[in-house]
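Here are the chains, one letter per residue:
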Amino acid sequence: MPRCVIEVNGLIKRYGDRVAVNGVSFCVQEGEIFGLLGPNGAGKTTTLSILATLLPPDEGQVTIGGYDLVRETNQIKPLIGFVPQELALYPTLSAWDNLAFFGRIYGLRGTALKERIAAVLDLVGLRDRAGDAVRTFSGGMKRRLNIAAGLIHRPRILFLDEPTVGVDPQSRNFIFEHIERLKAEGMTILYTTHYMEEAERLCDRVAIMDEGRLLALGTPKELIGLLGGGVIYMGLAPDRMEALRPSIRALPHVRAVSIQGGRLKIETISARHALLEAIELCAAQDVPILSLEVLEPNLESVFLHLTGKRLRD
Ligand SMILES: Nc1ncnc2c1ncn2[C@@H]1O[C@H](COP(=O)(O)OP(=O)(O)OP(=O)(O)O)[C@@H](O)[C@H]1O
Ligand SMILES: [Mg+2]
């Protein structure tokens, strides 16, 4: 078993009566990219802010690099870099001066500071814009500088909170490439997103989060495997639904059938084959199909399957 660098056990965080994080447990292995995937309000930023030592937990235990989050905060801080969802940059200062500011917070001075600034500017491809005020940057450039700021002190562990929101496809690809390069250098990365295709592409393992709870955890392949061959949602007249259910369940490529949101939810071994079988059955029994939706297996459909909700509302 690879070593866990982050261990979270029974984490709870409340804001007044609202439970933002409700008993979350997971472990991030050294050198992996771990994704927290969930819709707005799932509790991703709250979880990450706690791990980044910016917000105290109400209950639960967290260790990072073997140190206790609450009792040994000072040992943890140098190990971690945090790239917040909201940009944390000074718009009137140049890129260089922004990075110098963050570097000084971590005790970097003189030549060491200059070398680190140059290195992270290179890493995010902004060396030639070092002297320009951040307010003149595009959205994607600001995001990249935000990432550079989180890397200035060479952390072993990087927390990235939705680093691609509001970013054009080219900058997004840039950011993906940086993240993959950091992983190749051995960094451990905890990454939140509500874009399932990002999680599928980047993450070694993904935890699906909704309303403060983790619903599933595994490699993208394992999670997609939960769906088998995909799911078909079929709308039929309400009075025919129950009657047809057993014969649909008996079709060769169907695994399970339930009624969800006024439609038949057909879990399949192969969506393509099951679809043909189900349409044939309805035609033979003269049952009109009122609506039809086929979800190919991907993380988005896994989320819908687990919660009955879409990832993007
Ligand atoms: N400072 C706060 N005070 C009160 N409630 C808060 C605060 N921050 C977050 N919450 C609530 O906690 C819950 C989780 O919020 P959080 O920001 O962690 O979600 P998120 O998964 O990051 O969402 P998003 O995808 O929109 O960034 C939400 O219901 C939110 O309204
Ligand atoms: Mg958030």
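Described in the following lines is the structure provided in the data block. Note on numbering: residues in each chain are counted from 1, in written sequence order. All chains are assigned letters beginning at A, and all ligands numbers beginning at 1, according to the order in which they are written. Local features in a predicted model are, by the rule used here, given only for residues with pLDDT of at least 70; side-chain atom pairs are given and counted only at 80 or more, and totals for whole chains, interfaces and linings are based on all residues.

**Examining the nonpolar core**
Soluble, globular proteins show a tendency: their nonpolar side chains are buried together. Counting 81 residues, the largest nonpolar core has Ala148, Phe159 and Ile266 as its most contacted members. Labels follow the DSSP assignment, with helices taken as runs of H or I lasting at least four residues and strands as runs of E lasting at least two, numbered in each case from the N terminus. Residue contributions to this core peak at six residues, all from helix 5 (residues 139-151). When residues of this core are assigned to domains, at least three map to each of domain 1 (4-224) and domain 2 (228-296). Apart from the residues lying within four places of it in its own chain, the contact partners of Ala148 are Leu99, Val120, Leu121, Leu123, Val124 and Leu126. What we call a nonpolar core is a set of buried Ala, Val, Leu, Ile, Met, Phe, Trp, Tyr and Cys residues whose membership is set by joining through C-beta atoms within 7 Å. The burial criterion counts other C-beta atoms lying within 10 Å of a residue's C-beta, which is placed from the backbone; the residue is buried at 20 or more, exposed at 12 or fewer, and partly exposed between these limits. Boundaries between domains were set according to an automatic or database domain assignment. By the convention adopted here, residues make contact when the C-beta atoms placed from their backbones lie within 7 Å.

**Structural notes on the site of ligand 1**
Each residue receives a C-beta atom placed from its backbone. It is near a molecule or strand if this atom lies within 6 Å of it. For ligand 1, the set of nearby residues contains 13 residues, the closest of which are Tyr15, Ala20, Lys44, Thr45 and Thr46. For the shell around ligand 1, the secondary-structure elements that each account for two or more residues are strand 2 (18-29) and helix 1 (44-51). Split by residue class, the shell around ligand 1 holds three nonpolar, eight polar and two charged. Residue type decides the class: Asp, Glu, Lys and Arg count as charged, Ala, Val, Leu, Ile, Met, Phe, Trp, Tyr, Cys and Pro as nonpolar, and the leftover types, Gly among them, as polar.

**So, the sheet that holds strand 2**
In a beta sheet, neighbouring strands pair by backbone hydrogen bonds and run either parallel or antiparallel. Note on pairing: DSSP must find at least two bridges between two strands before they are called paired. Sheet architecture is open: four strands sit in the order 2-1-4-5, paired in antiparallel fashion. Each having just a single partner strand, strand 2 and strand 5 (67-68) make up the two edges of the open sheet. Sheet topology note: the strand 1 (residues 4-15)/strand 2 ladder contains nine bridges and is antiparallel. Bridged to Arg14 within strand 2 is Val19.

**Some details on helix 3 (residues 95-105)**
Among the residues making up helix 3, those that are buried are Ala95, Asn98, Leu99, Phe102 and Gly103. Along helix 3, the residues classed as buried sweep out an arc of 135° about the axis, all on the same side. Along its buried surface, helix 3 packs onto helix 4 (110-123) and helix 5. After helix 3 finishes, the residue Gly107 shows a positive phi value of roughly 85°. Think of the arc as the fan of directions from the helix axis to the C-beta atoms.

**Focus on the packing of helix 3 against helix 5**
A fitted line through C-alpha atoms serves as each axis, taken over the contacting stretch for helices, and the angle formed by two N-to-C directions is quoted from 0 to 180°. For the pair helix 3 and helix 5, interaxial distance at closest approach is 9 Å and the crossing angle is 30°. Considering their axes alone, helix 3 and helix 5 lie roughly parallel with respect to each other. Relative to helix 5, helix 3 is oriented so that their crossing is right-handed. Note on element contacts: helix 5 touches helix 3 through Leu145, Ala148 and Ala149, opposite Ala95, Asn98, Leu99 and Phe102. For the contact of helix 3 with helix 5, a count of residues per class yields six nonpolar, one polar and no charged. To sort the angles, those under 35 degrees are grouped as roughly parallel, those over 145 as roughly antiparallel, those from 65 to 115 as roughly perpendicular, and the leftovers as oblique. Helix crossings fall into two classes, left-handed where the near helix is turned counterclockwise from the far one by less than a right angle and right-handed where it is turned clockwise.

**A short note on unusual backbone geometry**
Note: most residues except glycine have negative phi, and most peptide bonds are trans. Within the chain, Thr53 stands out as a residue other than glycine whose phi angle is a positive 65°. The phi dihedral of Arg154 is positive, around 55°, even though this residue is not glycine. Summarising the element assignment, Arg154 is placed in the loop between helix 5 and strand 7 (157-161).

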